[in-house]
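# Summary of the model geometry
Chain by chain, the residues run as shown.
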Amino acid sequence: MTTDTQAHDVIGDLIGKAKAAGADAADAVLLQSTSLSHAQRLGAIERLEREESRDLGLRVFLGKHQAFVSSTDLSPAAIDELLERAMAMARSVPEDPYCGIADPDQLAGEIPSLDICDDSEPSPEALIERAKICEEAARGVAGVTNSEGAEASWSFGRVALAASNGFAGDYAVSRHATSVSVLAGEGLGMERDYDYSTAVYRDDLEGPGAIGRRAGERAVRRLGARKPATGKLTVVYDPRAANSLLGHLSGAISGPAIARGTSFLKDKLGEAVFAPGITIVDDPLRRRGLRSRPFDAEGVATARRNIVEDGRLATWVLSLSSARQLGMATTGHAVRGTSGPPSPATSNLYLEPGSQTPQELIADIRQGFYVTEMMGMGINGVTGDYSRGASGFRIENGEITYPVHEVTIAGNLKDMFRHLTPANDLTFRYGINAPTLRIEAMTVAGE
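Heads up: these notes are all about the structure in this document. (Residues numbered from 1 in each chain as written. Predicted model: local features only at pLDDT ≥ 70, side-chain atom pairs only at ≥ 80, totals over all residues. Heavy atoms only, no water.)

Per the secondary structure count, the protein includes 9 helices and 19 strands. In terms of C-alpha radius of gyration, the protein reaches 24 Å, essentially the compact-globule figure of 22 Å for 447 residues. Pairs at least 24 apart in sequence give 72% of the contacts found in the protein among residues at least 6 apart. Carbon together with sulfur atoms contributes 48% to the accessible area of the protein, which is approximately 18700 Å² in total. Here the protein contributes 46 positive and 59 negative side-chain charges, whose respective centroids are spaced 4 Å apart. (Helix = DSSP H or I, 4+ residues; strand = E, 2+ residues; numbered from the N terminus. Rg over C-alpha atoms; globule rule 2.2 N^0.38 Å. Contact = heavy atoms within 4.5 Å. Areas by Shrake-Rupley, 256 points an atom, 1.4 Å probe, with all protein chains shown as cover. Lys, Arg positive; Asp, Glu negative; His and termini not counted. Charge placed at Lys NZ, Arg CZ, Asp CG, Glu CD.)

Next up, the structure:
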């Protein structure tokens, strides 16, 4: 693993060599990571791995021609070969009228500290103990009969970016995680469920015993699941399923989809797409956020933005290229690997909570469906048509009752967004977060 100074020396020298070789502009990124992971099942260790990697990516521009190359070999000879290959590719590819690095006035200045790195590597014994406690707690729940295993992991990554426009910056991130999946019941009546916790800092992880108990209780609660009758029902999404709706929104407002005209929201900028009062925020500067970043993959400053404001779609999610295609300014959402161009993506995306408790949100539902898990990805990004497999519980007369499975929920995201009501139980557990959500009149297909 190279140090911060060594990383900047490598990519800074590479930019200088690219300019000397005739490139009009260039940028380079060095991604380094270290990870430690443990998996066990039924108390027996199945995996204990430590991995280190580093990957260098170079992008060069000859006018409006750009080329990308990457390598895991940072030796001087390999870097010289990398540059030679990039220049040859740039001479042969077609023009891209929207490519290019940021102007100097678009670059991030002072890079904020977001407290997103816990670089204290845990011992293998600590991970083994965490997974053991988690699985034992899950298996200790009455009715749990088998386990798919528990895992505990830690990862550390460093991002260093430099470009010929003068930008040079780096930051480090970390992740701690614990998860478990267990089964309850016997034979054809078995049901599975899971739980997990992920955090930047180990001290912010939920206790492994609590994770395990909740996974076991969820699995047992699903025993005796039935297929419901098909009909139009009010659907309520548990928070761990509700965040998937924000994921669909994120894809629909991505700059490339808008530029291609392949999004069902392509003509909706500035218009009401949710009910009044709904606010959806993207906050890359959230302290200890799982997707926080102090600058984007093009060196542009990141900023907290209201994506939806009082129900109105306030912005697209843009990188430099997609912004140029749309005649707009980048929103600082670019992300990238080492072998392709930057593309836009949200960071810590969340829907602000409403005023009702989940119980109040459910209280007046005579017949409904409470979703706890989603399966499949039946989403048409062009039309907004929505059809996904799900499992959860029946709602009857304002109460969550018996478990149901093998259900398909269908509707259209445009209608779903307009008829969405949030509860007040927002917590930040994932990269994308939402409170309990209620949506009226969806088709729930069972028997």
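Below, the discussion takes up the pairing of strand 15 (residues 385-396). Bridge count for strand 14 (residues 367-379) against strand 15 is 10 bridges, and the pairing is antiparallel. When the sheet's bridge partners are listed, glycine 378 is paired in strand 15 with serine 387. Two elements, strand 15 and strand 16 (residues 399-412), share 10 bridges in a ladder whose sense is antiparallel. From the neighbouring strand, glutamate 396 faces strand 16, where its bridge partner is glutamate 399. Hairpin geometry of strand 15 and strand 16 is characterised by an intervening segment of 2 residues between the two adjacent antiparallel strands and by a positive phi of about 50° at asparagine 397. (Pairing = 2+ DSSP bridges.)

Glancing now at the pattern of salt bridges. Taken as a whole, this structure holds 30 salt bridges when the rule is applied. Two residues, aspartate 193 and arginine 240, come together in a salt bridge whose shortest N-O distance is 2.7 Å. One end of the pair, aspartate 193, is in strand 6 (residues 191-199); the other, arginine 240, is in helix 5 (residues 239-252), with 47 residues separating them in the sequence. Classification of aspartate 193 as buried rests on a relative accessible area of 2%. (Salt bridge = Lys/Arg side-chain N within 4 Å of Asp/Glu carboxyl O. Buried < 20%, exposed > 50% of the residue type's maximum accessible area, 1.4 Å probe, protein only.)

The next subject is helix 2 (residues 76-92). Along its 17 residues, helix 2 runs 25 Å from first to last C-alpha, staying within 8% of the 24 Å computed at 1.5 Å per residue. Residues of helix 2 that are buried include every one of Ala78, Ile79, Leu82, Leu83, Ala86, Met87 and Ala90, and no others. (Expected span 1.5 Å × (residues − 1).)

Here we come to the nonpolar core. Membership of the largest hydrophobic core comes to 46 residues, with the highest contact counts inside it found for Tyr237, Ile280, Phe369 and Ile409. Counting residues per element, this core draws most heavily on helix 5, at 6 residues. If near-sequence neighbours (up to four positions away) are discounted, isoleucine 280 is found in contact with Leu246, Leu249, Phe274, Arg305, Asn306, Ile307, Val308, Leu349, Tyr350 and Leu351. Of all hydrophobic cores here, the second largest spans 25 residues; its members include Ala18, Ala28, Leu62 and Leu83. (Core = buried A, V, L, I, M, F, W, Y, C linked by side-chain atoms within 4.5 Å.)

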